[in-house]
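# A look at the structure
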Amino acid sequence: MAHLSSPDDAVLLRRAAQGDENAFEQLYARHSVALFNYLLRLVRRSEIAEEILQETFIAVWQQAALFEGRSAVKTWIFRIGHHKAVSWLRRNQKHLNLDENILLEKKSAFRENADLRAWEETDALRQALDLLSPKHRSVVELAYGQGMTYKEIAWVLGCPVGTVKSRMKYALQHLEGILKRSGFTP
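Only a predicted model underlies this, so the values are computations on that prediction, with no experimental measurement involved.

Cut-offs used in this document
- Residues numbered from 1 in each chain as written.
- Predicted model: local features only at pLDDT ≥ 70, side-chain atom pairs only at ≥ 80, totals over all residues.
- Heavy atoms only, no water.
- Phe/Tyr/Trp six-rings, centres within 6.5 Å; stacked < 30°, edge-to-face > 60°.
- Helix = DSSP H or I, 4+ residues; strand = E, 2+ residues; numbered from the N terminus.
- Buried < 20%, exposed > 50% of the residue type's maximum accessible area, 1.4 Å probe, protein only.
- Lys NZ or Arg CZ within 6 Å of the ring centre and 35° of its normal.
- Expected span 1.5 Å × (residues − 1).
- Bend = angle between axes of the 7 residues up to and from the residue.
- Contact = heavy atoms within 4.5 Å.
- Polar contact = N/O pair within 3.5 Å; in protein donor to acceptor, adjacent residues only side chain to side chain.
- Arc of directions from axis to C-beta.
- pLDDT = per-residue confidence, 0-100.

A few words on the packing of aromatic side chains. Inspection of every chain in the model, using the stated rule, returns five aromatic pairs. A ring pair is formed by Phe-24 and Phe-57, whose centres lie 6.1 Å apart and whose planes are at 75°; its orientation type is edge-to-face. With Phe-24 in helix α3 (residues 21–43) and Phe-57 in helix α4 (residues 46–63), this pair connects stretches of sequence that are 33 residues apart. Looking at Phe-24, the relative accessible area reads 16%, which means it is buried. Lying across the ring of Trp-155, Arg-79 places its NZ or CZ 4.3 Å from the centre.

Pasting the structure below:
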């Protein structure tokens, strides 16, 4: 019930724009965990995700007065975080190459033990997601991990809805192929 009486994100952002640190802390508390999880899935390194999270919320604090209300505040925050993560990935791409064989090796190592099947499937999906490019992984994470609509995802990514649909189709096809090659039936 307490959440029902708390101010919505737009009110908190307006108050933060006027220098209200408590309002900013409430925004951080509401969105930092979900954003951190999203960033972690994009950059795959906890310490980097934490850095980008902090940079994102510094930008939110600094740019709060610039929010125009063309999206939900959460979507706006995710857009800032997404762009910071993509910038980091571009600068560090050579360090992030993953090999699909890692997934295949792990699959064969656990094939013998039926008790590990549920963990193995979850782990296989997570590793398969890691093999997607950041632009394809991001649409899957925003849709399934954050529950965003294609329109919201398009706004976060700064691209047309048709591009989001295309990326989603490719990402799901690619995931299915990776999982089939590793012995799982999606």
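Turning our eyes to something else, we now look at unusual backbone geometry. Residues other than glycine seldom take positive phi values, yet Arg-44 does so here, at roughly 65°. For Arg-44, the position within the fold is in the loop between α3 and α4. For Arg-44, a relative accessible area of 24% translates into the label partly exposed.

What follows concerns α3. With 23 residues, α3 should reach 33 Å at 1.5 Å per residue; the first-to-last C-alpha distance of 29 Å falls well below that figure. Along its length, α3 reaches its greatest deviation from straightness, about 45°, at His-31. Looking at α3, one finds that the buried residues are Ala-23, Phe-24, Leu-27, His-31, Ser-32, Leu-35, Phe-36, Tyr-38, Leu-39, Leu-42 and Val-43. Packed against the buried residues of α3 are α2 (9–17), α4, α5 (73–92), α8 (134–145) and α9 (150–157). In this structure Asp-20 caps α3, since a side-chain oxygen of it lies 3.0 Å from the backbone nitrogen of Asn-22. Note on α3: the residue one or two positions beyond its end, Arg-44, has a positive phi of about 65°.

For an α-helix, 3.6 residues make a turn, and residues three or four places apart therefore share a direction. An ideal rise of 1.5 Å per residue puts 26 Å on 18 residues; α4 measures up with 25 Å between its terminal C-alpha atoms. When α4 is considered as a whole, its buried residues turn out to be Ile-48, Ala-49, Ile-52, Leu-53, Thr-56, Phe-57, Ala-59 and Val-60. Seen along its axis, α4 keeps its buried residues to an arc of 165°; they face one direction. Those residues of α4 that are buried lie in contact with α2, α3 and α5.

Averaged over every residue, the pLDDT of the protein is 82; residues scoring 70 or more account for 79%. When pLDDT is averaged over each helix and strand of the protein, the minimum, 41, is found for helix α6 (residues 100–110) and the maximum, 96, for α4. Long-range and interchain partners of residues 1–5, a stretch whose pLDDT sits below 50, account for one contact in this model, where long-range means more than four residues apart. Confidence drops under a pLDDT of 50 for residues 97–120, and excluding neighbours within four residues, the segment shows 32 contacts in the predicted structure.

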